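Examination of the molecular architecture
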There are 2 protein chains.
Amino acid sequence: MPVSNVTINDIARELKVAPSTISRALNNKSQISEKTKKLVRQKAAELGYDINLVASSLSKNKTNIIGVLLPNINRYFFSQVVSGIESVAYDKGYQIIIAQTNESLEREIEVTRMFNSTRVAGVIACLSVKTTDVSHLEKLKKNGIPLVLFDRVDYSLDCQKIIVDNFDGAFQAVSHLIKIGCKKIAHLGGPSDCKVFQERARGFSEALEIHKIQLWPNFLLATDLTHEDVRGVFSMWMTAPQKPDGVFVAGSDAGLMLTKMAVEAGIKVPDELAIVAFGDEPANEYICPSLSAVEMPGYDMGRTAVSQLFDAVEGRYAGSGTTVKPLQLIVRRSSFKRE
Amino acid sequence: MPVSNVTINDIARELKVAPSTISRALNNKSQISEKTKKLVRQKAAELGYDINLVASSLSKNKTNIIGVLLPNINRYFFSQVVSGIESVAYDKGYQIIIAQTNESLEREIEVTRMFNSTRVAGVIACLSVKTTDVSHLEKLKKNGIPLVLFDRVDYSLDCQKIIVDNFDGAFQAVSHLIKIGCKKIAHLGGPSDCKVFQERARGFSEALEIHKIQLWPNFLLATDLTHEDVRGVFSMWMTAPQKPDGVFVAGSDAGLMLTKMAVEAGIKVPDELAIVAFGDEPANEYICPSLSAVEMPGYDMGRTAVSQLFDAVEGRYAGSGTTVKPLQLIVRRSSFKRE
DNA sequence: GTGAAAGCGCTAACAA
DNA sequence: TTGTTAGCGCTTTCAC
């Protein structure tokens with residue numbers, strides 16, 4: 001490993017000026033003549049100089065790195081968020097370091113510690129489903145590292161939060177099912193210890209109540225939304241005395257699985273069973289029948305999150321607040337209007 | 001912003017020992033008594049000390065950050081690769097900073113410069129389709145930053161490369177189409193200036209040749225695989241005197257689009273038109289008919305790439321070489337055996 | 001086994 | 001406008 005990097009001292013020596021002059025010139029500071037500025041830039045280019053951001057960061061006590069913490073980068077929603085974050089960060093000259101928790105609190109804590117050690121300029125996070133205690137994130141604040149939460153947030157944390165209205169999305173979805181004529185509507189829900197899933201379940205219940213639709217036993221289930229869960233719940237429903245004629249599924253993967261199982265079991269979707277999922281992804285458009293879903297604006301949420309983070313990083317505004325992004329119900333064949 | 005971080009000097013002062021002792025204790029160096037080691041750790045925990053990696057990196061002239069450069073994080077394959085990279089990096093105590101090129105060479109150059117300035121420990125990259133000149137990547141090498149390329153590689157670069165055998169994958173796919181009885185097979189190809197797509201086209205041609213299948217005019221097309229491209233090609237094929245009865249599509253997105261268009265046009269897939277795509281993703285399993293595809297092992301490629309990068313970073317082995325990952329043809333309904 | 005001191009490359013007072 | 005100087009927080013020789 002050669003590691004023969006040019007430093008500002010090299011440039012300074014060649015030009016017979018002080019290193020600080022080089023620094024000023026390269027950073028476009030005001031108190032410097034255009035002439036030397038040009039001279040310095042020229043020589044820097046000639047020697048192939050690239051600033052050492054490690055040294056710069058240490059000196060300024062501030063990096064140009066944003067830490068992004070999320071459950072899994074390979075889930076569609078999260079990859080959309082990351083893409084949004086990266087696009088804005090890039091324009092601002094920031095870099096993003098990403099880490100997955102795999103829904104493990106222990107790992108979330110470890111990553112947060114790492115971000116802290118890296119002295120990231122700020123952190124954007126989506127909490128793991130298991131996260132109840134948030135002291136690890138509070139420590140960031142204590143160290144002067146701004147935090148923005150998205151999707152799975154914790155209200156006890158004093159920071160900006162970007163969310164969707166899970167209650168409303170669920171309410172919309174279920175109201176839609178009711179409108180197209182479903183009478184026996186079930187909810188395949190997510191982990192009950194996670195707020196977003198609680199809200200979705202609440203939206204489901206509320207919609208039933210308002211429309212005076214009966215809730216049958218075992219029609220409101222909290223699961224981990226794994227393949228096994230979906231399979232188990234589906235077979236239970238299909239062998240029960242009361243079968244649902246409409247299902248609101250709390251996650252997009254589970255929605256796809258359920259739709260596929262139903263079709264394979266010979267059930268007519270949507271006629272015998274209408275399905276709407278929370279969370280849209282490309283497969284929803286392709287599955288047969290195509291799957292209705294409440295679409296979460298991941299890319300946009302990412303962009304907003306990082307913009308708000310920059311407000312804090314750059315000292316413009318660092319308050320606490322919640323941005324609620326609009327949700328859109330996309331009606332496809334799996335819940336297309338019957339009579 | 002409080003920014004009241006504890007340093008090793010604080011610990012040293014409290015313990016009335018030298019900062020170097022703290023450093024040694026915390027880094028588990030050999031020349032230090034267990035007693036002070038324990039003492040130091042205890043005090044560090046008590047004060048809530050977290051190492052400042054910026055300072056550490058500057059001092060060691062080496063960061064614990066891996067730069068990952070790829071076209072788009074929100075494409076399934078790439079998100080899989082990143083996930084694989086992150087999982088291994090995390091275990092090694094490294095962080096990953098990711099950047100998207102959006103298939104822009106200019107941006108690829110800019111990001112590379114940035115990685116260089118960040119003094120990343122190494123870089124893992126998938127070149128943009130537009131990348132022909134690779135001097136920006138050569139500069140990394142010159143600066144002692146190891147590089148590993150994956151998927152879209154450049155053989156003039158002296159580094160490890162992780163790829164799939166695009167020729168073979170295409171050959172397999174097309175041979176399969178031939179085996180199930182297709183006689184008029186077409187190829188919806190990708191950008192012709194990109195090696196991987198050239199190889200896929202070559203595999204297509206070779207399979208036809210070997211099996212003595214005629215190549216009809218306009219049956220071997222290079223496109224950008226956009227929605228418009230797919231639509232245009234599809235309608236051209238369907239209105240031509242000779243319609244294909246089998247198509248090998250160079251990308252998974254385009255494969256999904258084509259399948260959907262065919263079904264919507266009332267064409268029986270696979271009976272009238274069999275389809276196989278290069279690249280698998282979740283939607284392939286769900287689309288109706290489900291879409292056959294050559295599966296690229298993204299997660300595994302990511303893990304291998306980063307492992308090889310560590311070999312170079314940690315000075316074990318830094319040669320040049322190519323790892324070819326196995327490709328698997330997954331046969332689904334879109335090309336299921338007819339008689 | 002521990003301390004003293006230099007230095008990683010840069011920035012930012014303070015002087016001139 | 002430019003130079004001098006003192007760090008940023010850590011690691012690492014070199015002494016003791």
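Residues numbered from 1 in each chain as written. Chains lettered and ligands numbered in written order. Predicted model: local features only at pLDDT ≥ 70, side-chain atom pairs only at ≥ 80, totals over all residues. Heavy atoms only, no water.

Further remarks concern the relation of the copies chain B and chain A. Expressed as a screw transformation, the operator carrying chain B onto chain A has a rotation angle of 180° and an axial translation of 0.0 Å, and the superposed copies differ by an RMSD of 0.0 Å. What the superposition gives is, in effect, a two-fold axis relating one chain to the other. An overlap of 100% is found between the interface residues of chain B and their copies at the interface of chain A, pointing to a shared contact surface. (Least-squares fit on C-alpha atoms with pLDDT ≥ 70 in both. Contact = heavy atoms within 4.5 Å.)

When a protein is soluble and globular, its nonpolar side chains tend to lie buried together. Within the largest apolar cluster, 95 residues are counted, with the highest numbers of intra-cluster contacts made by Ile66, Ile96 and Ile98 of chain A together with Ile66, Ile96 and Ile98 of chain B. With 66 residues, the next largest nonpolar core counts Leu188, Cys194, Val249 and Val269 of chain B among its residues. (Core = buried A, V, L, I, M, F, W, Y, C linked by side-chain atoms within 4.5 Å. Buried < 20%, exposed > 50% of the residue type's maximum accessible area, 1.4 Å probe, protein only.)

A separate point is empty space enclosed by the protein. Applying the stated criterion across every chain, the model contains three cavities of 30 Å³ or more. At the level of elements, α4 (53–60) of chain A together with α4 (53–60) of chain B are the ones that each hand at least two residues to the lining of the largest cavity. (1 Å grid on protein atoms, 1.4 Å probe; cavity = no way out; pocket = protein on both sides within 12 Å on 5 of 7 lines; lining within 4 Å. Points joined across faces, edges and corners; volume = space filled by probe spheres on them. Helix = DSSP H or I, 4+ residues; strand = E, 2+ residues; numbered from the N terminus.)

Take the protein's contact with DNA strand C next. Taken together, 26 residues form the shell around DNA strand C, and within it Ser23, Tyr49 and Ser59 of chain A together with Thr21 and Arg24 of chain B come nearest. Counting only atoms of DNA strand C within 4 Å of the protein, the fraction found in sugar and phosphate groups is 66%. Take Ser20 of chain B: an N or O atom from its side chain is 3.2 Å from a base nitrogen of DNA strand C. A distance of 2.4 Å separates a phosphate oxygen of DNA strand C from a polar atom in the side chain of Thr21 of chain B. It is α4 of chain A that provides the largest number of residues to the surface near DNA strand C, a total of four residues. Along the lines of polarity and charge, the residues of the surface near DNA strand C split into eight nonpolar, 13 polar and five charged. (Near = heavy atom within 4 Å. Polar contact = N/O pair within 3.5 Å; in protein donor to acceptor, adjacent residues only side chain to side chain. Nonpolar A, V, L, I, M, F, W, Y, C, P; charged D, E, K, R; others polar.)

What follows deals with the environment of Pro270 of chain A. Residues and elements named next belong to chain A. On the secondary structure map, Pro270 appears in the loop between α11 (252–264) and β9 (274–278). Residue Pro270 is classed as buried on the basis of its relative accessible area, which comes to 8%. Each C-alpha atom, one on Pro270 and one on Gly232, is 21 Å from the other, the two residues being 38 residues apart in sequence.

Hydrogen bonding along the main chain pairs the strands of a sheet, whether they run parallel or antiparallel. Residues and elements named next belong to chain A. Spatial strand order, β7-β6-β8-β9-β10-β12: six strands in an open sheet with mixed pairing. In this open sheet, the two edge strands, each paired with only one partner strand, are β7 (220–222) and β12 (328–330). Across this sheet, the average inter-strand angle for adjacent strands is 15°, counted without regard to direction. Where strand β8 (residues 246–249) lies against β9, four bridges are found, and the strand directions are parallel. Its bridge partner lying in β9, Phe248 is registered against Val276. Each of β6 (185–189), β7 and β8 touches helix α10 (residues 227–239); the most contacted strand, β6, lies at about 160° to it. (Pairing = 2+ DSSP bridges. Axes fitted to C-alpha atoms, helices over the stretch in contact; angles between N-to-C directions.)

Residue and element names in this part refer to chain A. For chain A, the assigned domains are domain 1 (3–44), domain 2 (60–164 + 297–325) and domain 3 (166–296 + 329–335). The interface of domain 2 with domain 3 comprises nine residues on the first partner and 14 residues on the second. Surface buried jointly by domain 2 and domain 3 totals about 930 Å² across both partners, of which 67% is contributed by carbon and sulfur atoms. Broken down residue by residue, the surface that domain 2 buries against domain 3 is led by Tyr76, Val129 and Val164, which jointly contribute 49%. Scanning the region where domain 2 abuts domain 3 turns up zero salt bridges. In this structure, the connection of domain 2 to domain 3 is made through two residue pairs in polar contact (both at pLDDT 80 or more). (Domains from an automatic or database assignment. Buried area = accessible area lost by both parts, 1.4 Å probe. Salt bridge = Lys/Arg side-chain N within 4 Å of Asp/Glu carboxyl O.)

Bringing the protein's contact with DNA strand D into the picture now. The immediate surroundings of DNA strand D are formed by 26 residues, with Thr21 and Thr36 of chain A together with Ser23, Tyr49 and Ser59 of chain B found nearest. Between a phosphate oxygen of DNA strand D and a side-chain N or O atom of Lys29 of chain B, the distance comes to 3.5 Å. When contributions to the surface near DNA strand D are tallied by element, the ones reaching two or more residues are α2 (19–26) and α4 of chain A together with α2 (19–26) and α4 of chain B. By residue number, the principal contributor to the surface near DNA strand D is α4 of chain B, which donates four residues. Its residues assigned to classes, the surface near DNA strand D shows eight nonpolar, 13 polar and five charged.

Before going further, it helps to spend a moment on the packing of aromatic side chains. In the structure shown here, the tally under the stated rule is 14 aromatic pairs over all chains. Seen in terms of ring centroids, Phe77 of chain B and Phe150 of chain B are 6.4 Å apart; in terms of plane orientation they differ by 55°. Their pairing is tilted. With Phe77 of chain B in helix α5 (residues 76–91) and Phe150 of chain B in strand β4 (residues 147–150), the pair connects residues that are 73 residues apart, well separated along the chain. The exposure class assigned to Phe77 of chain B is buried, which follows from its relative accessible area of 14%. Geometrically, the ring pair formed by Phe78 of chain B and Phe150 of chain B is edge-to-face, given 6.3 Å between the ring centres and 70° between the ring planes. Of this pair, Phe78 of chain B sits in helix α5 while Phe150 of chain B sits in strand β4; the two residues are 72 residues apart in sequence, bridging distant segments of the chain. The exposure classification of Phe78 of chain B matches that of Phe150 of chain B, with both residues buried. Every member of this aromatic cluster is reached through a ring pair, and the members are Phe77, Phe78 and Phe150 of chain A. A cation over a ring is seen here: Arg200 of chain B above Phe278 of chain B, with NZ or CZ 3.8 Å from the ring centre. (Phe/Tyr/Trp six-rings, centres within 6.5 Å; stacked < 30°, edge-to-face > 60°. Lys NZ or Arg CZ within 6 Å of the ring centre and 35° of its normal.)

Within α4 of chain B, burial applies to Leu53, Val54, Ser56 and Ser57 of chain B. Taken around the axis of α4 of chain B, the buried residues stretch over an arc of 165°, which confines them to a single face. Buried residues belonging to α4 of chain B abut α4 and α6 (105–118) of chain A together with β2 (95–100) of chain B. A distance of 2.9 Å separates the backbone nitrogen of Val54 of chain B from a side-chain oxygen at the start of α4 of chain B, and that oxygen is part of Asn52 of chain B. (Arc of directions from axis to C-beta.)

For the coordinates displayed, the defined rule picks out 38 salt bridges over all chains. Salt-bridge contacts for Arg316 of chain A lead to Asp311 of chain A; the nearest nitrogen and oxygen are separated by 2.9 Å. Classification of Asp311 of chain A as partly exposed rests on a relative accessible area of 25%. A salt bridge links Arg316 of chain A to Glu314 of chain A; the shortest N-O distance between them is 2.7 Å. Shared partners join several salt bridges into a network, and the residues in it are Lys260 and Glu264 of chain A together with Asp280, Glu285 and Arg332 of chain B.

What follows concerns the interface of chain B and chain A. Between chain B and chain A, the residue contacts involve 61 residues of the former and 61 residues of the latter. Carbon and sulfur atoms supply 55% of the area that chain B and chain A bury against each other, a total of about 5,300 Å² over both sides. Our enumeration of links across chain B and chain A arrives at six salt bridges. Here Lys260 of chain B makes a salt bridge to Glu285 of chain A, at a shortest N to O gap of 2.9 Å. Counting every contact that joins chain B to chain A gives 27 residue pairs in polar contact (both at pLDDT 80 or more). When residues in the side of chain B that touches chain A are grouped by element, the largest group, nine residues, is from helix α6 (residues 105–118) of chain B. Its residues assigned to classes, the side of chain B that touches chain A comprises 28 nonpolar, 21 polar and 12 charged. Here three bridges tie strand β2 (residues 95–100) of chain A to β2 of chain B, and the two strands are oriented antiparallel to one another. Bridge pairing in β2 of chain B links Ile98 of chain A to Ile96 of chain B.

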